[in-house]
Amino acid sequence: MKILLVEPETKGHFISLYVYTVLKSLKGKANIYLLTSKKILKLEIFKILKSENKNLKFLFCEDLLYTKNKFFLNLLLNQFKNYKNLSLSIKKYNKINKFDKIVFTNLDHIDKAACFFSDPFDSIKFSGILVNPRVHQFENKKKISLKYLIYKYLLNKLVMNKNLEKIYSNDILFYNFSKKNNLYKKICFFNEPVNLVKKKSKIKNSIIKNYLNILVYGAIRNSKSLEELIDVTQEIKKSIKINIIVAGEQNDEANYILKKKNLKKKNVEINFKIFNRFIHPNEEAYLFSNVDVVWCVYKNTPLGSSGVFHISNNYQKPVLTNDLGLVGWYNKRYKLGPVLKFKNSKDFSNSCKSILELHTNQKKYKYYKQNQSSLYNQLKKQKKLEELIGQDLIRDRVN
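As a starting point, this report considers the structure included with it. Just so you know, these numbers come straight off a predicted model, no measurement behind them.

1. A short note on the overall build of the protein chain
Piece 1. Along its length, the protein chain carries 15 helices and 12 strands.
Piece 2. Its C-alpha atoms give the protein chain a radius of gyration of 21 Å, within 12% of the compact-globule value 21 Å for 399 residues.
Piece 3. Principal-axis analysis of the C-alpha atoms gives the protein chain an extent of 65 × 55 × 40 Å.
Piece 4. The buried share of the protein chain, reckoned over its 399 residues, is 54%.
Piece 5. About 19,400 Å² of surface is accessible on the protein chain, with carbon and sulfur atoms providing 50% of the total.
Piece 6. The average position of the 74 basic charges and that of the 33 acidic charges among the side chains of the protein chain differ by 2 Å.

2. Regarding the packing of aromatic side chains
Piece 1. In total, this model carries 22 aromatic pairs according to the counting rule given.
Piece 2. Plain terms: the ring middles of F46 and F58 are 4.8 Å apart, the flat faces sit at 50° to each other, and that makes the pair tilted. Of the two residues, F46 sits in helix 2 (residues 44-52) while F58 sits in strand 3 (residues 57-60), which places them 12 residues apart along the sequence.
Piece 3. Measuring from centroid to centroid gives 6.0 Å for Y175 and F189, while their planes differ by 35°, and the two rings are tilted. With Y175 in helix 6 (residues 172-180) and F189 in strand 7 (residues 187-189), the pair connects residues that are 14 residues apart, well separated along the chain.
Piece 4. Residue Y175 is classed as buried on the basis of its relative accessible area of 19%.
Piece 5. Through successive ring pairs, a cluster of aromatic residues spans F80, Y83, F104, F116, F117, F121 and F126.
Piece 6. One Lys or Arg, K57, reaches over the ring of Y33 and ends 5.4 Å from the middle of that ring.

3. Description of the pairing of strand 8 (residues 212-217)
Looking along a regular strand, one sees the side chains alternate between the two faces of the sheet.
Piece 1. Within strand 8, six of the six residues are buried, which leaves the element mostly enclosed by the surrounding structure.
Piece 2. Burial along strand 8 is two-sided: L212, I214 and V216 and N213, L215 and Y217, pointing in opposite directions, are all buried.
Piece 3. At this point the chain moves from strand 8, through helix 7 (residues 226-236), to the parallel strand 9 (residues 242-247), and the crossover so formed is right-handed.
Piece 4. As paired elements, strand 8 and strand 11 (residues 293-295) share two bridges and run parallel to each other. Considered in strand 11, the bridge of L215 is made with V294.

4. Remarks on the pattern of salt bridges
Piece 1. Per the counting criterion, the structure on display carries 11 salt bridges.
Piece 2. Residues E283 and R277 are paired through a salt bridge, measuring 2.9 Å at the closest nitrogen-oxygen approach.
Piece 3. The structure contains a network of salt bridges with shared partners spanning E227, E228 and K299.

5. Quick word on the packing of helix 13 (residues 345-360) against helix 14 (residues 362-379)
Piece 1. Relative to each other, helix 13 and helix 14 sit at 95°, their axes nearing to 6 Å. Compared by their axis directions, helix 13 and helix 14 come out roughly perpendicular. On helix 14, the residues that touch E357, L358, H359 and T360 of helix 13 are Q362, K364, Y365 and Y368.
Piece 2. Within the contact of helix 13 with helix 14, the residues separate by chemical class into three nonpolar, three polar and two charged.

6. Comments concerning the state of the cysteines
Piece 1. A full pass over the atoms with the stated rule returns zero disulfides.
Piece 2. Residue C352 stays outside any disulfide, its sulfur separated by 18 Å from that of C296, the closest cysteine.
Piece 3. Under the relative-accessibility criterion, C352 is labelled buried at 4%.

7. With respect to helix 6
Piece 1. Of all the positions in helix 6, only I172, F174, Y175, F177 and S178 are classed as buried.
Piece 2. Between the side-chain oxygen at the start of helix 6 and the backbone nitrogen of L173 there is a gap of 3.0 Å, and the oxygen is on D171.
Piece 3. Positive phi appears at N182, one or two residues downstream of helix 6, with a value of about 60°.

What counts as what
Residues numbered from 1 in each chain as written. Predicted model: local features only at pLDDT ≥ 70, side-chain atom pairs only at ≥ 80, totals over all residues. Heavy atoms only, no water. Helix = DSSP H or I, 4+ residues; strand = E, 2+ residues; numbered from the N terminus. Rg over C-alpha atoms; globule rule 2.2 N^0.38 Å. Buried < 20%, exposed > 50% of the residue type's maximum accessible area, 1.4 Å probe, protein only. Areas by Shrake-Rupley, 256 points an atom, 1.4 Å probe, with all protein chains shown as cover. Lys, Arg positive; Asp, Glu negative; His and termini not counted. Charge placed at Lys NZ, Arg CZ, Asp CG, Glu CD. Phe/Tyr/Trp six-rings, centres within 6.5 Å; stacked < 30°, edge-to-face > 60°. Lys NZ or Arg CZ within 6 Å of the ring centre and 35° of its normal. Right-handed = clockwise from strand over helix to strand, strands pointing away. Pairing = 2+ DSSP bridges. Salt bridge = Lys/Arg side-chain N within 4 Å of Asp/Glu carboxyl O. Axes fitted to C-alpha atoms, helices over the stretch in contact; angles between N-to-C directions. Parallel < 35°, antiparallel > 145°, perpendicular 65-115°, else oblique. Contact = heavy atoms within 4.5 Å. Nonpolar A, V, L, I, M, F, W, Y, C, P; charged D, E, K, R; others polar. Disulfide = S-S within 2.5 Å. Polar contact = N/O pair within 3.5 Å; in protein donor to acceptor, adjacent residues only side chain to side chain.

What follows is the structure, given as structure tokens:
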């Protein structure tokens, strides 16, 4: 059996976690091909994926197109462009390799475009992970919005596609929405996979003993509320010793915000330890094992699942969040750490006080850790991504 994995994005946990996880689940069961950007050849993740599966074959496509204009029609048009590029690449390689199945490790790039085509990929059966489904976020029982109706229509259209086998999601709110709307037969909920490695590689000069160590991790963008973090650090350092570890590759906007001269202006340069590069899984294990709390405060972005949030849960580390989206819902429901607000000076002051308590009130800190442990035990009862995909593959081979 020949399986094509599709992941054009070479940064973040889509390729380092989801592709890696699917590779593990299919090991020895199929011939695997990965369609991605040529940029991967210069990245550390290329070596990691090759070491996991020495027979993995790399195929290359055009880089994803992004739009700064977040208006719905612009986003949809952008999806059609990405769909066209990916579809052409898939069809070209399929003529040579004759794939049996396609797995998209981030279907969000094309889901709203692919649904308009009855045969989007040369009659090849496909599945995919929806990382940030939006439709349920626009559901309002009091007032039905046009946006909600459009998103629901597009989701229904995708689910009805005869070649779509499964949509995998770790957004429990989206999954509950799918059950309520009778879409659950093709939509599966999975517990976020986390590569818990035994070997830990220390990152020098990252953790400082007796400080409050806060980790900002993953693909570093300003959607992780970097400006707010700098302001919080400026205020909290007046009362306690605080150390901010920013670990992961930055985009241009994040790089500008975190420049030394900008941190100097706020007098927080000494409080930030910045590692603007790919973080190896062994280094990830070291960081999450040793920090006190993880920053998961998102803004101006689809507020669905967060890989960093799930890694924090696996290490039972308290999190800092706002009250928005899926991460906010988890925190409000399970009390996993302070819920921060920055709408006005009073909110800002209260948020700083709640962060301070993580360092000054050990009873409260342990309370958050225990709640993370409790949620972890609940989530681990759910099937992980590798189990679901592995089961689907075995069933296909038997049939």
